[in-house]
Amino acid sequence: MRILFLCHSFNSLSQRLFVELGARGHEVSVEFDINDAVALEAVELFEPNIIVAPFLKRAIPRAIWESRICLVVHPGPVGDGGPSALDWAILNAEADWGVTVLQAQDALDAGPVWAHRRFIMRDAPKSSLYRHEVTEAAVEAVLEAIGKIVQGGKPAGAEEMGAVPVWRKGMQQKDRAIDWTHDDTDTVLRKIASADGVPGVRDEMFGEAVYLHDAHRAGGLPAGQPGTAIARSGGAIARATRDGAVWIGHVRMAKVKAIKLPATHVFAVEAESLPQADGQAEIHYEEAGSVGFLNFRFHNGAMGTEACQLLLEAWRKAAARPTRLIVLCGGSDHWANGLNLNLIEAAASPADESWANINAMDDLAEAVIRTTGKIVVSAVGGNAGAGGVFLARAADEVWLRKGAILNPHYKDMGNLYGSEFWTYLLPRHAGTENVERIAAARLPMGAEEAASLGLANKIVDTGRGGFDAAVRGMALEFAGRPEIGALIEAKARRRADDEAAKPLAAYRAEELDRMRRNFHGFDPSYHIARHNFVHKVAKSRTPITIARHRATTRSMQPERRAAS
Ligand code: COA
């Protein structure tokens, strides 16, 4: 079928559906919801059999939904309606929730239902629930709905299905405002979780209006006046609640053009006078048998200069241990997304900070590649993008969770050339013949495709919850194999051969030469793209790589899937 996605942006759910439907032989093209005329033009150009709206913030134009079936993915159970479905589910502490695929009609979220799924709610921030439970449910429901359409099935009204329609208004800041004197820790955390990553909870810190993000329960801290800052740890500041405390990892000043940054970065002076405490460790190392697990969970997978340096320090310690295998375990929502673009944007000289950040990233990637005394595995349970994908590929093996999405390209960030030794790693693992089309296609990639192109070695077919345990078992089994010693020796020989053919330093110098031009050169594209990304500037047109109906010449039409 020809399927047009009409979406506000090509977000994680849209990317996952794009991959899943493409893998099933559907021809998928994407148009951003910019205005009605653009959407209508896309329909005329592409002539889709159906339209899917995985992430849309307003109604589909009547002329479109009257002309063909439009499936809307609503992150709520049958009967639920409104623009803040998941926010309400978290705030109201629902025990379970759902996803409904309904047909667009006049009234929002009120059309007949083609498919739906329910899931158990997890104690997690909104974006994490969206990236896992909502996404998995939506993929199943959309596939079921399309299957029914193909077979000539019919949708059912919500009331016919026994549901009582409930419309919940868009959540306002007052609905989740924290009352520090009355709210207990659970309530504070729920309120912030319901607003994670956008819009955050409006509040005050040190007399300044801010939006709070990235909150965690704090333990072992002395009691304090509810709402006051009582400690610091890494980038986070702890605030007392009436029955404990919470760590606030990131805040955004309530000012025009302010961006989300670590709390201690925004309140650097105020944080200085706070006592240091043990908070949420971003980096954590543990061992089981002859396997070392190096865990790193950076907010949004963004790896700033200091984060890379700390991880390198932890890596060196881990590499010095008498283990046979090290597993690099990144975040379960975002494994890693490369340079920390927010910190770069906030720096006095973004160009200099970009340079420092990429060098710190390269130091880390190089240390991983040069570790020859053991096998290194990247266990990728969360999505990864840009430099994060190549940091993962610096390991000998990449074990990728089945539903994870990779974006193994840099060019969307203002034609950024990229580093992290991708010019060494990509040809080596994917084959020279695939390098150009992976880099140029700029498309999200699912696990099957990543494995077929050498970007992953194993697909771990578990949900989010089962991934860590599965990886643990696989790593212990691997390290216990009789041939592990021979594998380590073979790896060392291959590294020596590669080094003799072309030293890593040469790859690094060539990549960084291009990156220097991206950062300090005449062309400002990277700086503009980063600014727009960080400030969430809405796109004024859909990139041609995904708006396939707008590709005018054959050479512009992505052929990756046909060729793979
Ligand atoms: N630095 C800082 N923040 C980043 C980031 C980065 N490298 N990558 C992602 N984020 C943030 C986003 O701003 C967003 O923040 P929010 O919490 O305010 O919503 C959050 O992480 C999720 O990102 P989003 O873009 O919504 O996720 P997605 O699943 O739709 O898309 C990517 C994933 C990887 C395609 C996209 O995030 C991306 O292009 N990131 C930049 C990658 C990059 O160019 N890195 C620098 C070069 S190495």
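Here is what the cut-offs are and how they apply
- Residues numbered from 1 in each chain as written.
- Predicted model: local features only at pLDDT ≥ 70, side-chain atom pairs only at ≥ 80, totals over all residues.
- Heavy atoms only, no water.
- Helix = DSSP H or I, 4+ residues; strand = E, 2+ residues; numbered from the N terminus.
- Buried < 20%, exposed > 50% of the residue type's maximum accessible area, 1.4 Å probe, protein only.
- Contact = heavy atoms within 4.5 Å.
- Areas by Shrake-Rupley, 256 points an atom, 1.4 Å probe, with all protein chains shown as cover.
- Lys, Arg positive; Asp, Glu negative; His and termini not counted.
- Charge placed at Lys NZ, Arg CZ, Asp CG, Glu CD.
- Near = heavy atom within 4 Å.
- Polar contact = N/O pair within 3.5 Å; in protein donor to acceptor, adjacent residues only side chain to side chain.
- Nonpolar A, V, L, I, M, F, W, Y, C, P; charged D, E, K, R; others polar.
- Domains from an automatic or database assignment.
- Buried area = accessible area lost by both parts, 1.4 Å probe.
- Salt bridge = Lys/Arg side-chain N within 4 Å of Asp/Glu carboxyl O.
- Pairing = 2+ DSSP bridges.
- Axes fitted to C-alpha atoms, helices over the stretch in contact; angles between N-to-C directions.
- Parallel < 35°, antiparallel > 145°, perpendicular 65-115°, else oblique.
- Left-handed = near helix turned anticlockwise from the far one by under 90°.
- Phe/Tyr/Trp six-rings, centres within 6.5 Å; stacked < 30°, edge-to-face > 60°.
- Lys NZ or Arg CZ within 6 Å of the ring centre and 35° of its normal.

Asker: It is not clear to me how the overall build of the protein should be interpreted in this structure. Could you clarify?
Answerer: For the protein, the count of helices and strands is 20 helices and 23 strands. When the 564 residues of the protein are sorted by exposure, 53% land in the buried category. Counting only contacts in the protein whose residues sit at least 6 apart along the sequence, the fraction spanning at least 24 positions is 70%. Of the accessible surface of the protein, which amounts to about 23,900 Å², a share of 51% is contributed by carbon and sulfur atoms. For the protein, the distance from the average position of its 65 positive side-chain charges to the average position of its 69 negative side-chain charges is 2 Å.

Asker: Can you help me understand the site of the ligand in this one?
Answerer: Neighbouring the ligand are 24 residues; Arg 131, Lys 260, Leu 339, Leu 341 and Lys 536 lie closest to it. Take Lys 260: an N or O atom from its side chain is 2.7 Å from an oxygen atom of the ligand. At a separation of 3.0 Å, an oxygen atom of the ligand approaches a polar side-chain atom of Asn 300. Of all the secondary structure elements, the ones that give two or more residues to the shell around the ligand are helix H1 (12-23) and helix H10 (341-346). Grouping the constituent residues of the shell around the ligand by class yields eight nonpolar, 13 polar and three charged. When residues are assigned to domains, the shell around the ligand turns out to be shared by domain 1 (2-167) and domain 3 (283-464 + 483-520), each giving three or more.

Asker: Can you help me understand the domain arrangement of the protein in this one?
Answerer: How big an interface is tends to be reported as the loss of accessible area on association of its parts. Parsing the protein into structural domains produces domain 1 (2-167), domain 2 (175-272) and domain 3 (283-464 + 483-520). Using only C-alpha atoms to locate each centre, domain 1 and domain 2 end up separated by 33 Å. Taken together, the contact pairs nine residues of domain 1 with 11 residues of domain 2. In total, domain 1 and domain 2 occlude about 780 Å² of area from one another, counting both sides; carbon and sulfur atoms represent 56% of this. Taken as a group, Ile 90, Leu 91 and Lys 126 account for 56% of the area that domain 1 buries against domain 2, more than any other trio of residues on that side. Put simply, domain 1 and domain 2 have one salt bridge between them.

Asker: Before we go on, may I ask you to explain the sheet that holds strand E2 (residues 27-32) in this structure?
Answerer: Working definition: the strands of a sheet are paired by backbone hydrogen bonds and lie parallel or antiparallel to each other. With mixed pairing, the six strands of this open sheet are ordered in space as E2-E1-E3-E4-E6-E7. In the strand order of this sheet, the two ends are held by E2 and strand E7 (113-120), each with one partner. With direction set aside, neighbouring strand axes in the sheet form an average angle of 20 degrees. Relative to strand E6 (residues 96-103), strand E4 (residues 70-74) is paired through four bridges, and the arrangement is antiparallel. Looking across to E6, one finds that Val 72 is bridged to Leu 102.

Asker: Teacher, can you tell me more about the packing of helix H11 (residues 350-370) against helix H18 (residues 504-520) here?
Answerer: Two quantities define a packed helix pair, namely the angle between the helix axes and the distance between the axes. For the pair H11 and H18, interaxial distance at closest approach is 10 Å and the crossing angle is 160 degrees. By the criterion of interaxial angle, the relationship of H11 to H18 is roughly antiparallel. At the point where H11 passes H18, the crossing takes the right-handed sense. Between H11, through Ala 351, Asp 352, Ser 354, Trp 355, Ile 358, Asn 359, Asp 362, Asp 363, Glu 366, Ile 369 and Arg 370, and H18, the contact on the second element is made entirely by Leu 504, Ala 505, Arg 508, Leu 512, Met 515, Arg 516, Phe 519 and His 520.

Asker: Would you mind going over the pairing of strand E13 (residues 244-253) with me for this structure?
Answerer: Consecutive side chains of a regular strand alternate in pointing toward one face of the sheet and then the other. Burial analysis of E13 places eight of its 10 residues in the buried class, the great majority of the element. Direction of pairing for strand E10 (residues 208-218) relative to E13: antiparallel, over a ladder of eight bridges. Within the sheet, the bridge partner assigned to His 213 lies in E13 and is His 250. Examined bridge by bridge, strand E12 (residues 236-241) and E13 share five bridges and lie antiparallel to one another.

Asker: I tried to follow the packing of aromatic side chains on my own but got confused; where do I start?
Answerer: Two aromatic rings are characterised by how far apart their centres lie and by the angle between their planes. Scanning the entire structure with this criterion turns up 11 aromatic pairs. For the pair Tyr 417 and Trp 422, a centre-to-centre distance of 5.5 Å together with 55 degrees between the ring planes defines the contact as tilted. A relative accessible area of 24% means that Tyr 417 is categorised as partly exposed. Measuring from ring centre to ring centre gives 5.1 Å for Tyr 424 and Tyr 507, while their planes differ by 50 degrees; the resulting arrangement is tilted. Remark: Tyr 507 occurs in helix H18 and Tyr 424 occurs in helix H13 (residues 422-430); sequence separation between them is 83 residues. The residue whose ring lies beneath Arg 472 is Phe 293, and the NZ or CZ to ring-centre distance is 5.0 Å.

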